[in-house]
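# Structure at a glance
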Amino acid sequence: YCFAKVIECFQKNKSILEGISKGEIKSELHQTYISGLKKTKEKMKYMEKYGPAKHMPDSKKQKLIEFLQETAKVAFGGLLNFSYAYDVLLPEAMVRTIRFTEKC
């Protein structure tokens, strides 16, 4: 997966990702994260996040996380939340990216 295509998909889905962050769009990952069960949240940290883009350079992955942190500010009163961006929004965004690129 090329960075340009991935970030394009992330941007196209920004309103969906914001809806997930606000709890307006159903997401099992969001519910798990918000539920506050520490043991379950800990397991989230070990899930594969990047899917087919896992071989992307770290500098590109960092740019994706920064985009998602900005998106997550909607749900956290303007505060950056790396954990939420990484554990919830990144997998949600990657699933949508895979779906988008399969249609091309």
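Residues numbered from 1 in each chain as written. Predicted model: local features only at pLDDT ≥ 70, side-chain atom pairs only at ≥ 80, totals over all residues. Heavy atoms only, no water.

Within the chain, the regular secondary structure consists of 6 helices and 0 strands. Here the chain has a C-alpha radius of gyration of 13 Å; the compact-globule value for 104 residues is 13 Å, and the two agree. Looking at the chain alone, contacts between residues at least 24 apart form 69% of all its contacts between residues at least 6 apart. Separation of charge centres in the chain, based on 19 positive and 12 negative side chains, amounts to 1 Å. (Helix = DSSP H or I, 4+ residues; strand = E, 2+ residues; numbered from the N terminus. Rg over C-alpha atoms; globule rule 2.2 N^0.38 Å. Contact = heavy atoms within 4.5 Å. Lys, Arg positive; Asp, Glu negative; His and termini not counted. Charge placed at Lys NZ, Arg CZ, Asp CG, Glu CD.)

Okay, the pattern of salt bridges next. Applying the stated criterion across every chain yields a total of 3 salt bridges. Glu8 is paired through a salt bridge with Lys12; the nearest N and O atoms lie 3.1 Å apart. Note that Glu8 and Lys12 are positioned in helix 1 (residues 3–12) at a spacing of 4 residues, about one turn of the helix. For Lys12, a relative accessible area of 52% translates into the label exposed. The partner of Lys73 in a salt bridge is Glu70, with the nearest N and O atoms 3.2 Å apart. Residue Lys73 is classed as partly exposed on the basis of its relative accessible area of 25%. (Salt bridge = Lys/Arg side-chain N within 4 Å of Asp/Glu carboxyl O. Buried < 20%, exposed > 50% of the residue type's maximum accessible area, 1.4 Å probe, protein only.)

Applying the stated rule across the entire model yields 3 aromatic pairs. The interplanar angle of 10° and the centroid separation of 5.6 Å between the aromatic rings of Phe82 and Tyr86 together place this pair among those described as stacked. With a gap of 4 residues between them, Phe82 and Tyr86 both fall in helix 6 (residues 82–103), about one helical turn apart. On the basis of relative accessible area, Tyr86 is assigned to the partly exposed category, the value being 24%. (Phe/Tyr/Trp six-rings, centres within 6.5 Å; stacked < 30°, edge-to-face > 60°.)

What follows deals with the side chain of Lys61. Counting through the fold element by element, Lys61 comes out in helix 5 (residues 58–72). This buried residue, Lys61, is left without a salt bridge; Asp58 holds the nearest opposite charge, at 4.1 Å.

Direction vectors running N to C along helix 1 and helix 5 enclose 5°, while the axes themselves pass 11 Å from each other. Accordingly, the angle class assigned to the pair helix 1 and helix 5 is roughly parallel. Residue-level inspection shows Phe3, Val6, Ile7, Phe10 and Gln11 of helix 1 in contact with helix 5, the latter providing Lys60, Lys63, Leu64, Phe67 and Leu68. A breakdown of the residues in the contact of helix 1 with helix 5 according to their chemical character gives 7 nonpolar, 1 polar and 2 charged. (Axes fitted to C-alpha atoms, helices over the stretch in contact; angles between N-to-C directions. Parallel < 35°, antiparallel > 145°, perpendicular 65-115°, else oblique. Nonpolar A, V, L, I, M, F, W, Y, C, P; charged D, E, K, R; others polar.)

Let us now look at the packing of helix 2 (residues 14–22) against helix 5. Helix 5 packs onto helix 2 with a crossing angle of 55° between their chain directions and a minimal axis gap of 9 Å. Here helix 5 runs oblique to helix 2, going by the angle between their axes. By crossing handedness, the relation of helix 2 to helix 5 is classed as right-handed. Contacts from Lys14, Leu17, Glu18 and Ser21 in helix 2 reach Phe67, Leu68, Thr71 and Ala72 in helix 5. Tallied by class, the residues present in the contact of helix 2 with helix 5 amount to 4 nonpolar, 2 polar and 2 charged. (Left-handed = near helix turned anticlockwise from the far one by under 90°.)

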